[in-house]
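# Remarks on the overall topology
Chain by chain, the residues run as shown.
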Amino acid sequence: MKKLYILSLLLSITFSFAQKTNLKKADALFRNYSYLDASKAYEECLQNIENPSAQTIKNAADSYYFISDARNALRWYRRLYQVQGNNLTDIYYLRYIQSMKAVMDYEEADKITKEYLNKKGDQKEINRYVAQKKYIDSLAKTKSLYEVRNLDINTSKSDFGATFFQDRIVFSSARDTTKFADKLYNWNNQPFLNLYVAERNPADGSLFNDKLFMPNVMTKYHEATASFDASGKTIYYSTNIVKKNRLVVYQDRINNFQILKGSIINEKVENPQKIFFDSDDYSVGHPSLSDDGSMLFFASDMPGGYGETDLYVVQIAKDGTMNSPKNLGPKINTIGNDLFPFFRNGVLYFSSDGHYGLGDLDVYESKLLSDGSFSTPQNLGTPVNSNKDDFTFIIDKAGSYGYVSSNRAGGKGDDDIYSFTKGQPVCNQNISGKAIDHKTKALLSDVTIVAYDPYNAVLAETKTNFDGKYAITVPCNKTVRLQASKFNYSDDEKTVATTKVNEAEITNVDFELSNYDDLVVKKAGVEKVDVNPIYFDYDKYDITPLAAAELEKVVFIMRKFPKIRIKIESHTDSRGKDAYNLKLSDNRAKSTRDYILSQGIDASRIESAIGYGETRLVNKCKNGVKCTEAEHLLNRRSDFIIIQK
């Protein structure tokens, strides 16, 4: 697509050169934009020049660059770099880097990019490079939402620039072979571009029944890259500046592009008029009208821009009045070529070779912000973009399908039109927090965090790091149950409702886990729940508030460790009649069991609840033995013995 970067028709005379071409003739071919012939001429004459000038090397490299022969362009740009080192100008650094990317030498390209940025010392540019590279690297790790396919309608010539026109597609093409007898576009020796219209098959996005679009305004020169209002009754399109059916040629044999606006009536463009900011001194082209018709985006190489071509916008009032063009600024525009805008649903899509990309022109997207500025452009990644030129991206209002053009490998011609479908973006949110020990409050590493949906299907899983922190990604707009677990620790759960905002952060969802060893006591190989004595009123077996507080410890461990099973044993001291003590302790055992079950613990987890009265004393204090109150207290106990964990 480099033939239309400059938005100009480059006119040249035809040179014939003998088998041996001298440098003077090679330079003449180059000055007259016959880049294909110039590249051959430089190759021939430079075989006999041991130390060519830097300008001659530039011309040889540029000749290949402008015909998209990246491999040979890189050969000469590399030699230029050897001669000039980091004294290369910005534009030659850019072309050198883009040529490396075009042949997929990305490591070397990044090395030279960093050298260039360090030389400039512009921290904003460095930050942009770092951010854009990081974003592209992240895209490579995820599945793209896009699927692209080449179209049967493409030819061996240049086909590109699909745009929506009612229920049809208008595109630009050099397919008109009837013009081979006429003067061809010298840059690429193809017929000049015309606009064509085709039917669209909604099932697969293919195009068919193509024909010349609005023949009444098609000249014998370039007409390309159109845009229409929502009604399909107004057209803006790019065309060469022509007066009295002849090209208007200015200095350096250049004919600039302009944008014409016309009304479509009865399948004809009526009264096409120049836009007020058209100029004979520079080019404007590649118009794109917003859905509501209030903004017209376009590309231009007018003075005062940031690079070779910049993107601009004009506001359009209801009566059709336009304000002065506004440059979209350095966040969008670069030192290179920024062009082919398309604006839909508040998002500007455009192509650029100045932002960090995969090679040559890549497609980027940038959101229009509330203050009228645009967000940092983001590369659409593969398969929309490649190491070659990718441009004229359009997408339907629903964001489900569209078209993009490319001269990537595997196409049918110079530039081809590709259809694409776009899947729905995955909406995710991040939940983060920490896990701590319930007793010590120490941070716990290696805690497993599992996220479940309402049907207990696993959504995601992760573990806390050495700082006890975790982050887990879950879907948007769901009720998520998070469970934290660690060996020999109790589980903990939290329920979180995610929102509809993609990539939102939900923080401080923390967990407290209890160590099993902190909840039990071990003696003589037997493990018991660690509780204080269960107190009952004298001669009673009702659960008192003090008893309930201790029994909550039993309930807690059984909830936190759902595999635990216990048996309950209640004991009295030796005071009182033996039979009475036996009955009282049994009632108390069953009373504690009933309380535990009332808290939602399954009955199958309590094997038994038995009172043993004074039959299992732990000390000497049997009948008739004088003991202190403290000694008798040791025998008045309830044990919750763990029989399974």
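So, a few notes on the structure that sits alongside this text.

About the cut-offs
- Residues numbered from 1 in each chain as written.
- Predicted model: local features only at pLDDT ≥ 70, side-chain atom pairs only at ≥ 80, totals over all residues.
- Heavy atoms only, no water.
- Helix = DSSP H or I, 4+ residues; strand = E, 2+ residues; numbered from the N terminus.
- Rg over C-alpha atoms; globule rule 2.2 N^0.38 Å.
- Buried < 20%, exposed > 50% of the residue type's maximum accessible area, 1.4 Å probe, protein only.
- Contact = heavy atoms within 4.5 Å.
- Areas by Shrake-Rupley, 256 points an atom, 1.4 Å probe, with all protein chains shown as cover.
- Lys, Arg positive; Asp, Glu negative; His and termini not counted.
- Charge placed at Lys NZ, Arg CZ, Asp CG, Glu CD.
- Phe/Tyr/Trp six-rings, centres within 6.5 Å; stacked < 30°, edge-to-face > 60°.
- Pairing = 2+ DSSP bridges.
- Axes fitted to C-alpha atoms, helices over the stretch in contact; angles between N-to-C directions.
- Disulfide = S-S within 2.5 Å.
- Expected span 1.5 Å × (residues − 1).
- Salt bridge = Lys/Arg side-chain N within 4 Å of Asp/Glu carboxyl O.
- Polar contact = N/O pair within 3.5 Å; in protein donor to acceptor, adjacent residues only side chain to side chain.
- Core = buried A, V, L, I, M, F, W, Y, C linked by side-chain atoms within 4.5 Å.

Counting its regular elements, the chain contains ten helices and 36 strands. Relative to the globule expectation of 26 Å for 645 residues, the C-alpha radius of gyration of the chain, 39 Å, shows a markedly less compact shape. If one aligns the C-alpha atoms of the chain with their principal axes, the spans along those axes are about 130 × 65 × 40 Å. Expressed as a percentage of its 645 residues, the buried residues of the chain come to 52%. Put simply, of all contacts in the chain between residues at least 6 apart along the chain, 56% involve residues at least 24 apart. Total accessible area on the chain is roughly 30900 Å²; 50% of this is exposed by carbon and sulfur atoms. With 85 positive and 83 negative side-chain charges, the chain shows a spacing of 2 Å between the two charge centroids.

Our next topic: the packing of aromatic side chains. This structure, assessed with the given rule, holds 28 aromatic pairs. Pairing F160 with F391 gives two aromatic rings, centres 5.9 Å apart and planes at 55°, and the pair type is tilted. With F160 in strand β3 (residues 159-165) and F391 in strand β21 (residues 390-395), this pair connects stretches of sequence that are 231 residues apart. Per residue, the accessibility class of F160 equals that of F391, and both read buried. Ring geometry for F276 against F277: centres 5.3 Å apart, planes inclined by 80°, an arrangement best described as edge-to-face.

Bringing the sheet that holds strand β28 (residues 479-485) into the picture now. Taken in spatial order, the four strands of this open sheet run β26-β25-β28-β29, and their pairing is antiparallel. Only two strands of the sheet have a single neighbouring strand rather than two, namely β26 (458-463) and β29 (492-497). Strand-to-strand twist of the sheet, defined as the mean angle between neighbouring strand axes without regard to direction, takes the value 20°. For β28 and β29, the ladder comprises six bridges, and the chain directions are antiparallel. Paired with T479 across the two strands is A497, which belongs to β29.

Attention shifts here to the state of the cysteines. Chemically, a disulfide is nothing more than a covalent bond linking the sulfur atoms of two cysteines. The final tally for this structure, using the stated rule, is two disulfides. The disulfide partner of C427 is C476, and the gap between their sulfur atoms is 1.9 Å. Between C427 and C476, the S-S torsion sits near -80°, and that sign places the bridge as left-handed. A residue pair is termed long-range when its members are at least 10 positions apart, and C427 in the loop between β23 (416-422) and β24 (428-437) and C476 in the loop between β27 (469-475) and β28 qualify at 49 residues. Exposure remark for C476: the relative accessible area of 10% places this residue in the buried category.

Taking 1.5 Å of rise per residue, the 15 residues of helix α4 (residues 70-84) would be expected to cover 21 Å, and the 20 Å separating its terminal C-alpha atoms lies within 8% of that figure. Of all the residues in α4, the buried ones are A70, A73, L74, W76, Y77, L80 and Y81. Looking at the buried side of α4, the elements it contacts are α2 (35-46), α3 (54-65), α5 (90-102) and α6 (106-120).

Following the criterion strictly, the structure yields 29 salt bridges and no others. A salt bridge links K560 to D492; its shortest N-O distance comes to 3.5 Å. You can see K560 sitting in helix α8 (residues 545-560) and its partner D492 sitting in strand β29, a full 68 residues away along the chain. The two residues K560 and D492 agree in class, both being buried. Where R616 meets E569, a salt bridge forms, and the shortest distance between an N and an O atom there is 3.4 Å. On the criterion of sequence distance, the pair formed by R616 in the loop between β35 (606-611) and α10 (629-635) and E569 in strand β34 (residues 565-570) is long-range, its members being 47 residues apart. Using a relative accessible area of 38% as the deciding quantity, one classes R616 as partly exposed. By sharing partners, the salt bridges in this structure join D517, K522, E527 and K645 into a single network.

Summarising the element assignment, T225 is placed in strand β7 (residues 223-228). For T225, a relative accessible area of 6% puts it in the buried group. Reaching out from T225, the side chain makes a polar contact with the side chain of S238 at a distance of 2.8 Å. Engagement of the side chain of T225 in a polar contact is seen with the side chain of H286, the distance being 3.1 Å.

What follows is about the pairing of strand β19 (residues 362-367). Of the pairings in the sheet, the one linking strand β18 (residues 347-352) to β19 comprises six bridges and is antiparallel in character. Looking across to β19, one finds that S352 is bridged to D362. Pairing of β19 with strand β20 (residues 378-379), which is carried by two bridges, proceeds in the antiparallel orientation. Within the sheet, the bridge partner assigned to E365 lies in β20 and is Q378.

Pairing within the open sheet is antiparallel, and its four strands lie in the order β17-β18-β19-β20. With partners counted over all chains shown, the strands left at the sheet margins are β17 (338-344) and β20, one partner each.

Burial of nonpolar side chains together is a common tendency in soluble globular proteins. The biggest cluster of nonpolar side chains holds 42 residues, and the ones touching the most others in it are Y42, W76, Y77, L88, Y96, M100 and I112. Elements supplying a minimum of two residues to this core: α1 (23-31), α2, α3, α4, α5, α6 and α7 (123-139). With eight residues, α5 is the largest single contributor of residues to this core. Residues in contact with Y42, not counting those within four places in the same chain, are L23, A26, D27, F30, T56, N59, A60 and S63. Judged by nonpolar contacts, the second largest core, of 25 residues, contains I534, L551, V555 and Y595.

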